[in-house]
Amino acid sequence: MDKIRPRSRTMYREAIAGLDGCDDYEEWYEKASLVDELTGVDLWRRNFFSNRFDFESLLEQYAALMEALEDNDLEAVKARFTNTGPTMLRNFAGIVDKRLFTKSLVGTKLLIEQYLDKVVDTLYFLAEQPEVVERTFFQRCKLSLGATALALQGGSLFGLFHLGVLKALLDRNLLPNIINGTSMGACVASMACCLNDGELEDLLTGNRIVSTIKRDAALLKECGYGSIDEHFNIGTLVENVVHNGYSKDVYLFIKFIQKSVIGDLTFEEAFQRTGKVLNIVVHPTNKNICPSLLNYVTTPNVLISSAIDCSFGSNTISKTTWLLGKNIDNKIVDYLDRKEPHYQELEFLPPQSVEDSTQLESPYTRLTELFNVNNFIVSLARPYLAPLALNDLKHDIRTSEYYYYKRFPYVDPSSYSPLQLSKITKLEPLAFKFKYHLERKMKHVLTMELKHRVEIMDSLGLLSNWIKRIAIDEKTPRSATEVAIVPQMNSLSVSRIIEGRLDNINYWMERGQQSTWPAISLIKTRCAVEFTLDDNIKQFKKNA
């Protein structure tokens, strides 16, 4: 009697190893689905019972919506989408709880997904009934639901990671219209908001960015590629990385975006061109003179290119860092009159040099006030901060070393047909060790304790800029929900960063996409209804 070794162990390890080498979301989804099947999570998805959300209320709402649609009672359907209707609550019945998205890589409970699909289909159905539903109906729904903002937080040294996050969200039609950025995040956000979705998709496809940059010989020479000038010798490269926080490839990308994409566009002109709301965070030494959040409402006539320089800090990217704007004659002038004595003392601090990190919360609070933002997608482009991030999505399945395989009895191959034998040996259930649950809880508690102590030291002014750069991140308002996307790095070459290789753009774009795919299901759950309302409002405007 021979013992048949189940194939699930090998299949599981191969599937886990293959997740990091996928070229697109479809390939990643296929391999992630196999992992869910091997671990039995697909059964968990089919079972709608859970203590994490109120499935009874969700079933009741789903049944009421189906009944109203079957009876063709449009007024009853509309009642489900009014300001007080449960459908216009982003976290109705607790369906956006992140714990519902940590078991499966590809999604959450099928009941939640089917409910959202029905809500989205119903909204499109209502949009096809103009005699019953007017445009203001969807506008009121959007006001009740709130808005989502994509926050690209700093990371000037690793800021090219934001490009992959943009591409992953754009490919799944999940890119918000409100985008906020700081330092390198401000540059990437400006690119996204100065181009419409078609232009942005074209630029982010394949090797388009690098090939476009290579055609500009003057720009390459200015940034130290081809013939390294005095400004970009090896000593200067190291100095830029250590003191300024940017490498040669980052500097090249910034100059390319400012020259070829943004030009002399202002915040107002960019909004009129694409309909996207660009927000750039700066840290002036005097907030009474200059606001810390720049957009088409607070500073409509400011040049976006100059705002990017100010977001990095004075004398960081540009030697003469100052806000520029357009006057009534469309001429470029100083937005703030530098001849005035109190303006001459104004400087812009880099994010890591802000003395009190609690000031970083103010721009995001202002964002919620101006644009009704109550949901944030945060791209945190700092690999070293990933272990300290508490608001990212940590999947149980990623810790494969904690899985064990249940023992099966001996099987006599001669007693079964080949087809029966293949079914017996096809899958083997996997399970968690108790050690995993204990270690995960302990890591979470220790991380919270460490972050708390670091924040206390920061509020007392006891942290140096270097420690702030590593341990302090920008804070979104506590009243808003958020999910963070952090780089998933297996290996990172120091020489790659210091040398500033041109292929870093594609490298970081791939890392950004691969880090975003596991969070797609949560982002879709939180944003699907909102983006459907946006589509309906746009369609009504076109038909008006």
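Since the model is a prediction, treat every value here as computed from it, not as a measurement.

J.: Any chance you could explain the sheet that holds strand β10 (residues 481–485) here in plain terms?
T.: Within a beta sheet, neighbouring strands are joined by backbone hydrogen bonds and run either parallel or antiparallel to one another. Strand order across the open sheet formed by 6 strands is β4-β3-β2-β1-β7-β10, with mixed pairing between neighbours. Lying at the two open borders of the sheet, with one neighbouring strand each, are β4 (293–294) and β10. Examined bridge by bridge, strand β2 (residues 178–182) and strand β3 (residues 277–281) share 5 bridges and lie parallel to one another. Each bridged residue has a counterpart across the sheet, and for Asn180 the counterpart in β3 is Asn279.

J.: Got a minute to help me understand helix α15 (residues 267–274) in this structure?
T.: Think of an α-helix as 3.6 residues a turn; residues three or four steps apart then line up on the same face. Of all the positions in α15, only Phe267, Ala270 and Thr274 are classed as buried. Across the axial projection of α15, the buried residues extend over an arc of 65°, all falling on one side. As for α15, its buried residues are in contact with α9 (184–194), β3, β4 and α16 (304–312). Positive phi appears at Gly275, one or two residues downstream of α15, with a value of about 75°.

J.: Whenever I open this one, a positive patch on the surface confuses me. Can you help?
T.: A contiguous patch of positive charge on the surface is contributed by Arg135, Lys538, Lys541 and Lys542. Counting residues per element, the positive patch draws most heavily on helix α24 (residues 520–543), at 3 residues. Secondary-structure assignment places Lys538 in helix α24.

J.: Honestly, the confidence of the model for the protein chain in this entry has me stumped. Any pointers?
T.: Where the model shows low pLDDT, its predicted coordinates should not be examined in detail. Averaged over all residues, the pLDDT of the protein chain is 78; the fraction at 70 or higher stands at 71%. Every residue in residues 1–6 is under pLDDT 50, and counting partners more than four places away or in other chains gives 13 contacts.

J.: For this particular structure, what's the right way to read the nonpolar core?
T.: Soluble, globular proteins show a tendency: their nonpolar side chains are buried together. Phe81, Leu163, Met191, Ile209, Phe253 and Ile304 are the most contacted members of the largest nonpolar core, which has 124 residues in total. Sequence-distant contacts of Phe253, that is, excluding residues within four places in its chain, are made with Leu160, Leu163, Met184, Cys187, Val188, Met191, Ile209 and Ile505. By size, the runner-up hydrophobic cluster in this structure holds 14 residues, among which are Val277, Val281, Leu293 and Phe376.

J.: I would appreciate a short explanation of α16 in the present structure.
T.: By the criterion of burial, α16 is predominantly enclosed, with 9 of the 9 residues buried. For α16, the set of buried residues is Ile304, Ser305, Ser306, Ala307, Ile308, Asp309, Cys310, Ser311 and Phe312. Looking one or two places after α16, you find Gly313, whose phi comes out positive at around 115°.

J.: Is there a simple way to think about the pattern of salt bridges in this case?
T.: When charged atoms on two side chains of opposite charge get close, those side chains can pair. Across all of its chains, the model carries 17 salt bridges by this definition. Here Glu27 ties to Lys31 by a salt bridge, and the two come within 3.6 Å at their closest N and O atoms. Separated by 4 residues within a single helix, Glu27 and Lys31 lie in helix α2 (residues 25–39), roughly one turn from each other. A relative accessible area of 28% means that Lys31 is categorised as partly exposed. Put simply, Glu113 and Arg45 hold a salt bridge, and the shortest N to O gap is 2.6 Å.

J.: How do you make sense of the packing of helix α4 (residues 55–70) against helix α6 (residues 110–127) when you look at a structure like this?
T.: The axes of two packed helices give the description: the angle between them and the distance between them. Put simply, α4 and α6 touch, their axes get as near as 11 Å, and they point 30° apart. By crossing handedness, the relation of α4 to α6 is classed as left-handed. Residues Phe55, Leu58, Leu59, Gln61, Tyr62, Leu65, Met66 and Leu69 of α4 form the contact with α6, whose participating residues are Leu111, Ile112, Gln114, Tyr115, Lys118, Val119, Thr122 and Phe125. When the residues that make up the contact of α4 with α6 are grouped by side-chain class, the tally is 12 nonpolar, 3 polar and 1 charged.

J.: Even after reading the chapter, I still don't get the UniProt feature "transmembrane region" (unreviewed entry) in the protein chain, so can you show me in this structure?
T.: What UniProt calls "transmembrane region" (unreviewed entry) maps, in this numbering, to residues 145–170. Its end C-alpha atoms 22 Å apart, residues 145–170 is made of 42% helix and 27% strand.

J.: How should the side chain of Thr532 be read in this particular structure?
T.: Tracing the backbone through its elements, the reader meets Thr532 in helix α24. What Thr532 contacts, discounting residues up to four positions off in sequence, is Val120, Leu123 and Tyr124.

J.: Mind showing me how you'd approach the packing of aromatic side chains here?
T.: Aromatic rings in a pair are described by how distant their centres are and how their planes are angled relative to each other. As enumerated under the stated definition, the model contains 16 aromatic pairs in all. Ring geometry for Phe138 against Phe540: centres 5.6 Å apart, planes inclined by 45°, an arrangement best described as tilted. Of this pair, Phe138 sits in helix α7 (residues 135–145) while Phe540 is found in helix α24, placing the two residues 402 residues apart along the sequence. Judged on exposure class, the residue Phe138 and its partner Phe540 are both buried.

J.: Help me out: how do you make sense of a negative patch on the surface in this one?
T.: A cluster of acidic residues, Glu67, Glu70, Asp71, Asp73 and Glu75, forms a negative patch on the protein surface. Owing to a relative accessible area of 55%, Asp71 belongs among the exposed residues under this scheme.

J.: Could you clarify how one ought to interpret unusual backbone geometry in this entry?
T.: A negative phi holds for most residues other than glycine; trans holds for most peptide bonds. Located in the positive-phi region is Ala93, a residue other than glycine, with phi close to 60°. Residue position: Ala93 is located in the loop between α5 (74–79) and α6. The phi torsion at Asn173 lies on the positive side, around 55°, for a residue other than glycine. Mapped onto the fold, Asn173 is located in the loop between α8 (161–171) and β2.

Calculation rules
- Residues numbered from 1 in each chain as written.
- Predicted model: local features only at pLDDT ≥ 70, side-chain atom pairs only at ≥ 80, totals over all residues.
- Heavy atoms only, no water.
- Pairing = 2+ DSSP bridges.
- Helix = DSSP H or I, 4+ residues; strand = E, 2+ residues; numbered from the N terminus.
- Buried < 20%, exposed > 50% of the residue type's maximum accessible area, 1.4 Å probe, protein only.
- Arc of directions from axis to C-beta.
- Contact = heavy atoms within 4.5 Å.
- Patch = residues over 30% accessible without salt bridge, like charges linked within 9 Å, V, L, I, M, F, W, Y side chains within 5 Å.
- Areas by Shrake-Rupley, 256 points an atom, 1.4 Å probe, with all protein chains shown as cover.
- Salt bridge = Lys/Arg side-chain N within 4 Å of Asp/Glu carboxyl O.
- Lys, Arg positive; Asp, Glu negative; His and termini not counted.
- Charge placed at Lys NZ, Arg CZ, Asp CG, Glu CD.
- pLDDT = per-residue confidence, 0-100.
- Core = buried A, V, L, I, M, F, W, Y, C linked by side-chain atoms within 4.5 Å.
- Axes fitted to C-alpha atoms, helices over the stretch in contact; angles between N-to-C directions.
- Left-handed = near helix turned anticlockwise from the far one by under 90°.
- Nonpolar A, V, L, I, M, F, W, Y, C, P; charged D, E, K, R; others polar.
- UniProt positions renumbered as here; feature names shortened; annotations may be inferred.
- Phe/Tyr/Trp six-rings, centres within 6.5 Å; stacked < 30°, edge-to-face > 60°.

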